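Topology and contacts: notes
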Amino acid sequence: GVLNNPLLNEWHYYRGDDIRQLPDDIQTLPLGAYHSVVINGRYYHLQVAMAGEERIFLLYDISEWEHQEHALLMFLLIGVVVVLVMALLIASQAATTILEPVRRLTVRLSQLSPKQRGLRIQPEFNDSDIGQIAPAFDTYLERIDQFVERERSFTAAASHELRTPLSVMMGAVDIIEADCPNPATQRAVLRIRRACRDMLAFIEAALFLSREEERSISQKASCEVADVLRQLVDDLEEAFSAADITVKTAVDQPLALRVPESLLKITLTNLLRNAIEHSAGGTVSIHLKGDTLRIRDTGKGIAAADLPNIFERSYTTKAEGTGLGLNMVRRICDRYGWQVAVHSEQGKGTCVELVF
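Report follows, based on the coordinates.

**As for the packing of helix H4 (residues 183-209) against helix H8 (residues 325-336)**
For the pair H4 and H8, interaxial distance at closest approach is 11 Å and the crossing angle is 60°. By the angle between their directions, the pair H4 and H8 is classed as oblique. When you trace H4 past H8, the crossing you get is left-handed. Where H4 abuts H8, its residues Phe202, Phe208 and Leu209 lie against Met328, Arg331, Ile332, Arg335 and Tyr336. Residue classes in the contact of H4 with H8 are distributed as six nonpolar, no polar and two charged.

**Digging into the sheet that holds strand S6 (residues 246-251)**
With respect to topology, five strands assemble into an open sheet ordered S6-S8-S9-S11-S10, the strand pairing being mixed. The sheet is open, and its two borders are formed by S6 and strand S10 (339-345), each paired with just one other strand. Taking the axes of each pair of neighbouring strands and ignoring which way they run, one obtains an average angle of 10° across the sheet. Inspection of the sheet shows S6 paired to strand S8 (residues 283-289) by six bridges, in the parallel sense. When the bridges of S8 are listed, lysine 248 appears paired with serine 285. Its contacts with the sheet put helix H7 (residues 261-277) on S8, strand S9 (292-297) and strand S11 (349-355), and the angle it makes with S9 is roughly 20°.

**Quick look at the environment of aspartate 227**
Along the polypeptide, aspartate 227 turns up in helix H5 (residues 225-235). For aspartate 227, a relative accessible area of 43% translates into the label partly exposed. Taking the C-alpha atoms as reference points, aspartate 227 and proline 254, separated by 27 residues in sequence, lie 8.8 Å from one another.

Definitions and cut-offs
- Residues numbered from 1 in each chain as written.
- Predicted model: local features only at pLDDT ≥ 70, side-chain atom pairs only at ≥ 80, totals over all residues.
- Heavy atoms only, no water.
- Axes fitted to C-alpha atoms, helices over the stretch in contact; angles between N-to-C directions.
- Helix = DSSP H or I, 4+ residues; strand = E, 2+ residues; numbered from the N terminus.
- Parallel < 35°, antiparallel > 145°, perpendicular 65-115°, else oblique.
- Left-handed = near helix turned anticlockwise from the far one by under 90°.
- Contact = heavy atoms within 4.5 Å.
- Nonpolar A, V, L, I, M, F, W, Y, C, P; charged D, E, K, R; others polar.
- Pairing = 2+ DSSP bridges.
- Buried < 20%, exposed > 50% of the residue type's maximum accessible area, 1.4 Å probe, protein only.

Given below as structure tokens:
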């Protein structure tokens, strides 16, 4: 029952038969103190003790405190959530504001074209901290401009200075050919003429690859792959013989390409010379079928570790090699959308597949 004392109005005291008024699970509690015991929807602090040989239960109603505590915890929880949401919003806004110049710089750099020269971006970012980074990009752009200008100057000069002596040499070859009927001399003159043409083709290919646009090569040019193959096999006859290589050529049907003959020659010459250098005493088979050309040799093959790098500039497995031949092949193929693949196994040979 309730203790008859104004100071103890919230205290409830049970002993003897009064204990049966309590729930069964409360009646069986061992001696001790219990906090926040729920009885009939209210919260109590419970003390179970012994008075002589009799068990007594003393309960103190703490429902109001518990409700206040729960309300306070809920308030704190809501406050934490609100603070976190506000912090996230403020952080997001701050990040957007701080990163805006970086975003502008990223967009601006992505819009730069390799064809643009003399471009500077610092004036566009003087209104932000990126203005301290932009000058570094401008310095880099200036160095690129200088590099491109040097390359263009060299390309133009090399084109002019190499073409002139080659033209003189070819003119002299014409005179020698007309004045000397000796067959041996005629064969030597023919080789000189072919070498001059190859040099001119190389110059033309180098000029073509040094520019992003294709204006350096006539787009109306065309050539027949089978004819170029026959000519190259004939030109390389001495090299095949010196390496004791048997050449087998098969052309299923003609294939005309709308590309300059010089570029096709450069591509096929590099592939054939590689086959010659690695197939001494073996066989080189050349097969043109549809739009696919396969050059297969029975040489020593290429190591699996070297195969992924053979088209890289300056990469070579030969002590005297420069690593430029196959790189030029890949660059010409990339320009015209040709596909080139190399399949090789050490000791069993190599197959190069070129799809026009």
